Amino acid sequence: MSCHVMPWGLRMNHLSLSELCCLFCCPPCPSKITSKLAFLPPEPTYTLLCDESGSRWTLHLSERADWQYSAREKDAIECFMTRTSRGNRIACMFVRCSPSARFTLLFSHGNAVDLGQMSSFYIGLGSRINCNVFSYDYSGYGASSGKPSEKNLYADVDAAWHSLRTRYGIRPENVIVYGQSIGTVPSVDLAARYESAAVVLHSPLTSGMRVAFPDTKKTYCFDAFPNIDKISKVTSPVLVIHGTEDEVIDFSHGLALYERCQRPVEPLWVEGAGHNDVELYGQYLERLKQFVAHELVNLST
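Cut-offs and rules
- Residues numbered from 1 in each chain as written.
- Predicted model: local features only at pLDDT ≥ 70, side-chain atom pairs only at ≥ 80, totals over all residues.
- Heavy atoms only, no water.
- UniProt positions renumbered as here; feature names shortened; annotations may be inferred.
- Helix = DSSP H or I, 4+ residues; strand = E, 2+ residues; numbered from the N terminus.
- Buried < 20%, exposed > 50% of the residue type's maximum accessible area, 1.4 Å probe, protein only.
- Contact = heavy atoms within 4.5 Å.
- Areas by Shrake-Rupley, 256 points an atom, 1.4 Å probe, with all protein chains shown as cover.
- Pairing = 2+ DSSP bridges.
- Axes fitted to C-alpha atoms, helices over the stretch in contact; angles between N-to-C directions.
- Salt bridge = Lys/Arg side-chain N within 4 Å of Asp/Glu carboxyl O.
- Phe/Tyr/Trp six-rings, centres within 6.5 Å; stacked < 30°, edge-to-face > 60°.

As named in an unreviewed UniProt entry, the protein is Alpha/beta hydrolase domain-containing protein 17B, taken from Oncorhynchus tshawytscha. Database annotation for the protein, UniProt heading Sequence similarities (unreviewed entry): "Belongs to the AB hydrolase superfamily. ABHD17 family."

Asks: Explain the overall build of the protein residue by residue, including any values.
Replies: Of regular secondary structure, the protein possesses 10 helices and 10 strands. For the protein, the residues scored as buried account for 55% of the 301 residues in total. For the protein, the proportion of contacts with a sequence separation of at least 24, taken over those separated by at least 6, is 70%. Only carbon and sulfur atoms are counted for the fraction: they give 51% of the accessible area of the protein, which is about 12,800 Å².

Asks: If you had to explain the sheet that holds strand 6 (residues 131–136) to someone new, which residues and values would you point to?
Replies: Reading across the sheet, the 8 strands line up as 3-4-6-5-7-8-9-10 and stay open at both edges, with mixed pairing between neighbours. A single partner strand is all that each edge strand has here, and the edge strands are strand 3 (77–83) and strand 10 (268–270). Within the sheet, the average angular offset between the axes of one strand and its neighbour, ignoring direction, is 15°. Sheet topology note: the strand 5 (residues 103–108)/strand 6 ladder contains 5 bridges and is parallel. In the sheet register, Leu105 faces strand 6, and the bridge partner there is Val133. Along the sheet, helix 9 (residues 251–260) makes contact with strand 9 (238–243) and strand 10, crossing strand 9 at roughly 165°.

Asks: Would you mind going over unusual backbone geometry in detail, with residue names and values included?
Replies: Phi angles above zero are rare outside glycine, and Asp66 is one such case at about 55°. The phi angle at Ala112 is positive, at roughly 60°, despite the residue not being glycine. Structurally, the position occupied by Ala112 is in the loop between strand 5 and helix 4 (115–129).

Asks: So, the pattern of salt bridges: which residues are in play, and what are the values?
Replies: Scanning the entire structure with this criterion turns up 10 salt bridges. The salt bridge partner of Arg193 is Asp189, with a shortest N-O separation of 2.9 Å. Residue Arg287 is joined to Glu295 by a salt bridge in which the shortest nitrogen-to-oxygen separation is 2.7 Å. Look at Arg287 and you get buried, because its relative accessible area is 9%. One salt-bridge network, held together by shared partners, links Asp158, Asp189, Arg193 and Lys230.

Asks: Quick one: what's the story with the side chain of Asn174, residue by residue and with numbers?
Replies: Within the element layout of this structure, Asn174 appears in the loop between helix 5 (150–168) and strand 7 (175–180). The class of Asn174 is buried, set by a relative accessible area of 13%. Among all residues touching Asn174, those that are not within four sequence positions of it are Arg102, Phe103, Thr104 and Ala197.

Asks: A description of the pairing of strand 7 should follow, citing residues and the corresponding values.
Replies: Burial of strand 7 is extensive: 6 of the 6 residues sit out of reach of the surface. Judged by which residues are buried, strand 7 turns out to be covered on both faces: Val175, Val177 and Gly179 on one side and Ile176, Tyr178 and Gln180 on the other are all buried. Where strand 5 and strand 7 come together, 5 bridges link them in parallel fashion. When the bridges of strand 7 are listed, Phe107 appears paired with Tyr178.

Asks: Would you mind going over the environment of Met118 in detail, with residue names and values included?
Replies: The topology assignment puts Met118 in helix 4. Separated by 17 residues in the primary sequence, Met118 and Ser135 place their C-alpha atoms 9.2 Å from one another.

Asks: So, the packing of aromatic side chains: which residues are in play, and what are the values?
Replies: One pass over the full model with this rule turns up 17 aromatic pairs. A ring pair is formed by Phe39 and Phe225, whose centres lie 6.2 Å apart and whose planes are at 90°; its orientation type is edge-to-face. Note that Phe39 is positioned in the loop between helix 2 (30–37) and strand 1 (46–50) and Phe225 in the loop between helix 7 (208–212) and helix 8 (227–230), a separation of 186 residues in sequence. Of the two residues examined, Phe39 and Phe225, each falls in the buried class. When the centroid spacing of 6.1 Å and the interplanar angle of 75° are considered together, the rings of Phe107 and Phe121 count as edge-to-face.

Asks: An account of the pairing of strand 5 is requested, with residue identities and associated values reported.
Replies: With 6 of 6 residues buried, strand 5 lies mostly within the body of the structure. What you see with strand 5 is no split at all: Phe103, Leu105 and Phe107 on one side and Thr104, Leu106 and Ser108 on the other are buried throughout.

Asks: I'd like a description of the side chain of Asp189, backed by residues and values.
Replies: Note that Asp189 resides in helix 6 (residues 184–191). Given a relative accessible area of 10%, Asp189 falls into the buried group. Discounting chain neighbours no more than four positions away, the residues touching Asp189 are Tyr154 and Lys230.

Put into structure tokens, the structure is as follows:
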């Protein structure tokens, strides 16, 4: 079976000039920027049902989740709920893709998608690059409670990181922090505070203002998602992946982040790829395979 792809990332609402003026001038604040420009949680494509003991959760996928595999692969997925420091309960998913996997991806997914829709992609990706996958839904997405916000993003990824560490006993040197589009925001924030085996930034943004207003040259106090100011604090190896024809987050964002990394590895610039189709290009899987199977192993020996 071919690798099933769910290539959703950041999506921008089309705002009028008056709406933009109101957004940034009356007065501007990160919560308004993020709610207008970033978060589009879909109708949930799955439910989590807890047994009588309260310890085992069962994943039920709707047709809109577009599950591509059999019941055997679905049995390899473990789901549970955990609470964040901001009081929300977020859904977590651990996908056991390979019994010989050395690394686990801590995957922060893109916008307008939830864990149900991503579950087939995680199976396909993990099995092909020999990694297990741990993911979670942001507050307000899927089965997670609360509302999406920048502050909740950081609390959500913290809760996921600590669950991966404590529930499964996975050490930081075996975790690859992977963020796609809006998911690069919590990924960079986490990686700036905790060292891991590596970081993968897939179609990343430098900041919210720089996406909305490409001529922005500095970070303002009301800017949201300031990856550009955090990336230099990341001490783990960083692989940046970006399509050269990205119509949502310009290719220049990936290049700017790459240039500020302490420990960049050879990036993957996918010629002709847009924002939502990088995974469809053969070099995407090939680059990740090379990175995981050879480069990371050599770095850790």
